[in-house]
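# Summary of the model geometry
Each chain is listed here by its residues.
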Amino acid sequence: MGVLIPGMGAVATTFMAGVIAVRKGLSQPIGSLTEMGTIRIGKRTDNNKPKIKDFVPLAKLKDIAFGGWDIFPEDMYEAAVHADVLEKELLTKIKRDLKKIKPMKAVFDNKYVTRLDGKHVKKGKNKMALAKAVMKDIADFKKKNKCTRLVMIWCGSTEIYLKETKVHKTIKALEEGLRKNDKNIPPSMIYAYAAIKMGIPYANGAPNLSCDIPALIQLAKETKTPIGGKDFKTGQTFMKTVLAPAFKARAIGVEGWFSTNILGNRDGAVLDDPDSFKSKEVSKLGVLEQIFEPKLNPELYGDMYHKVRINYYPPRGDNKEGWDNIDIRGWLNYKMQIKVDFLCRDSILAAPLCLDLVIFLDLAKRVGMSGIQEWLSFYWKSPQAKKGLTPQHDLFKQLEKLENTLRHMKGESLINHLGLDYYEDDK
Ligand SMILES: NC(=O)c1ccc[n+]([C@@H]2O[C@H](COP(=O)([O-])OP(=O)(O)OC[C@H]3O[C@@H](n4cnc5c(N)ncnc54)[C@H](O)[C@@H]3O)[C@@H](O)[C@H]2O)c1
């Protein structure tokens with residue numbers, strides 16, 4: 001299976017280096033459900049909890065070949081050293097494998113990521129020509145690496161905030177826009193178009209509009225391609241979608257939720273641009289509204305103040321610190337506070353998500369699923385959903401959906417946690 005990655009920076013190199021290190025028995029794939037997770041099958045009394053990878057037929061780590069694109073020409077060893085996430089000692093042990101992976105020339109325009117510029121970039125007479133050049137890269141990669149299947153996962157930078165416009169509505173309008181260099185088609189959408197047109201599953205790790213437009217959803221249906229996004233749910237939002245459902249479950253009121261981050265990697269530098277930050281902010285803000293449903297619960301959440309900040313702070317590199325201050329209200333309106341201080345490592349949290357997403361999207365393709373893969377909402381800050389459907393943000397509901405989808409694929413009974421049947425003999 002070929003894994004194609006537009007954007008080979010900190011997340012991508014940590015993902016690739018991790019897979020190679022695990023393959024060589026140098027480390028463990030912690031954080032990956034497809035490698036380490038288990039799933040309950042049947043009744044609790046059956047005691048049947050196989051590993052997910054033994055339950056459904058998943059691609060094996062040893063069968064993965066990596067490729068991708070970046071605006072910088074460095075090979076993956078140099079890029080990983082630059083990203084400064086993994087220790088030199090580990091990188092040295094896998095240097096030979098990493099050096100073999102070199103990025104292809106990117107489709108890039110600095111109007112969409114204003115804080116970056118690079119020279120390793122494709123030229124083409126219009127955006128359609130660039131999409132075709134990406135398709136040719138993909139076909140060449142497939143042949144050279146003797147792949148039978150491919151998956152694409154966007155690990156590139158966060159682009160400026162773009163809204164859906166006319167050019168995104170239909171496949172015809174999008175293709176016309178590609179030929180006419182429409183300004184509402186950013187590079188991430190060009191890669192997504194190329195992949196989906198070729199029937200290659202596509203995952204969108206950034207908050208970019210990318211494949212979240214009617215034209216590409218329609219194209220995905222026509223080419224029988226599973227797609228998903230947006231924005232890996234790794235640190236602060238991961239915690240938020242664990243804690244918020246707990247407050248809601250106990251009918252605890254929330255007056256305010258202030259979230260701030262400091263990070264100093266290249267992603268942090270990109271997000272220092274207000275237009276790129278706006279994409280991230282929109283993606284991070286959506287979760288509480290869906291979980292708390294303030295319109296249904298005005299006395300608990302009606303006046304909640306939710307603020308998200310990200311500050312670029314170079315000394316921390318990839319080791320992000322995310323603080324949350326949560327002002328809650330309990331019995332008789334008595335106020336309390338909760339503070340969360342998550343000293344995390346951004347790319348260490350994101351890498352296993354990349355692995356699970358490519359493995360599950362490949363599975364989805366093989367079992368004939370196409371279009372938006374809601375069962376993979378578990379992995380996204382801002383899960384793509386069908387128009388008119390509210391996305392599910394609660395992490396444990398998302399996990400249930402994921403597990404039930406796997407059971408459904410295998411014809412096993414779904415688990416709803418009712419549990420009355422265990423007590424039937426007691427009557
Ligand atoms: N690490 C996390 O926890 C996390 C969580 C959610 C989302 N993300 C998102 O994942 C993405 C990657 O994060 P990162 O820390 O690896 O950032 P990074 O800056 O280290 O890597 C991004 C890479 O993308 C390249 N790039 C930008 N535009 C490109 C294009 N058009 N074509 C090809 N390459 C391009 C850049 O040159 C860079 O090397 C970012 O959008 C980030 O917001 C990361």
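Quick note: structure is the one above.
What counts and how
Residues numbered from 1 in each chain as written. Predicted model: local features only at pLDDT ≥ 70, side-chain atom pairs only at ≥ 80, totals over all residues. Helix = DSSP H or I, 4+ residues; strand = E, 2+ residues; numbered from the N terminus. Buried ≥ 20, exposed ≤ 12 C-beta atoms within 10 Å, placed from the backbone. Contact = placed C-beta atoms within 7 Å. Axes fitted to C-alpha atoms, helices over the stretch in contact; angles between N-to-C directions. Parallel < 35°, antiparallel > 145°, perpendicular 65-115°, else oblique. Left-handed = near helix turned anticlockwise from the far one by under 90°. Nonpolar A, V, L, I, M, F, W, Y, C, P; charged D, E, K, R; others polar. Pairing = 2+ DSSP bridges.

The next thing to look at is the overall build of the chain. Along the backbone of the chain there are 16 helices and 11 strands. For the chain, the spread of C-alpha atoms along the principal axes amounts to about 70 × 50 × 45 Å. Counting across all 427 residues of the chain, residues that qualify as buried make up 45%. Across the chain, every contact between residues at least 6 apart in sequence was considered, and the portion connecting residues at least 24 apart equals 75%.

Moving on, we come to the packing of helix 11 (residues 236–249) against helix 13 (residues 274–292). Where helix 11 contacts helix 13, the axes come no closer than 10 Å and their chain directions differ by 15°. With respect to helix 13, the axis of helix 11 lies roughly parallel. You can see that helix 11 and helix 13 cross each other, and the crossing is right-handed. Residue-level inspection shows Thr237, Lys240, Thr241, Ala244, Pro245 and Lys248 of helix 11 in contact with helix 13, the latter providing Lys284, Val287, Leu288, Ile291 and Phe292. Classifying every residue of the contact of helix 11 with helix 13 gives six nonpolar, two polar and three charged.

In this section: the sheet that holds strand 11 (residues 371–372). What the seven strands build is an open sheet, ordered 3-2-1-4-5-6-11; its pairing is parallel. Each edge of the open sheet is held by one strand with a lone partner, namely strand 3 (104–105) and strand 11. Here strand 1 (residues 2–6) runs beside strand 4 (residues 150–154); their pairing, made up of three bridges, is parallel. Residue Gly2 lies in a different strand from strand 4, and its bridge partner there is Leu150. Against the sheet, helix 9 (residues 187–197) engages strand 1, strand 4, strand 5 (202–204) and strand 6 (226–229), with an angle of about 165° to strand 4.

Remember, this is a structural readout, not a statement about activity or role.
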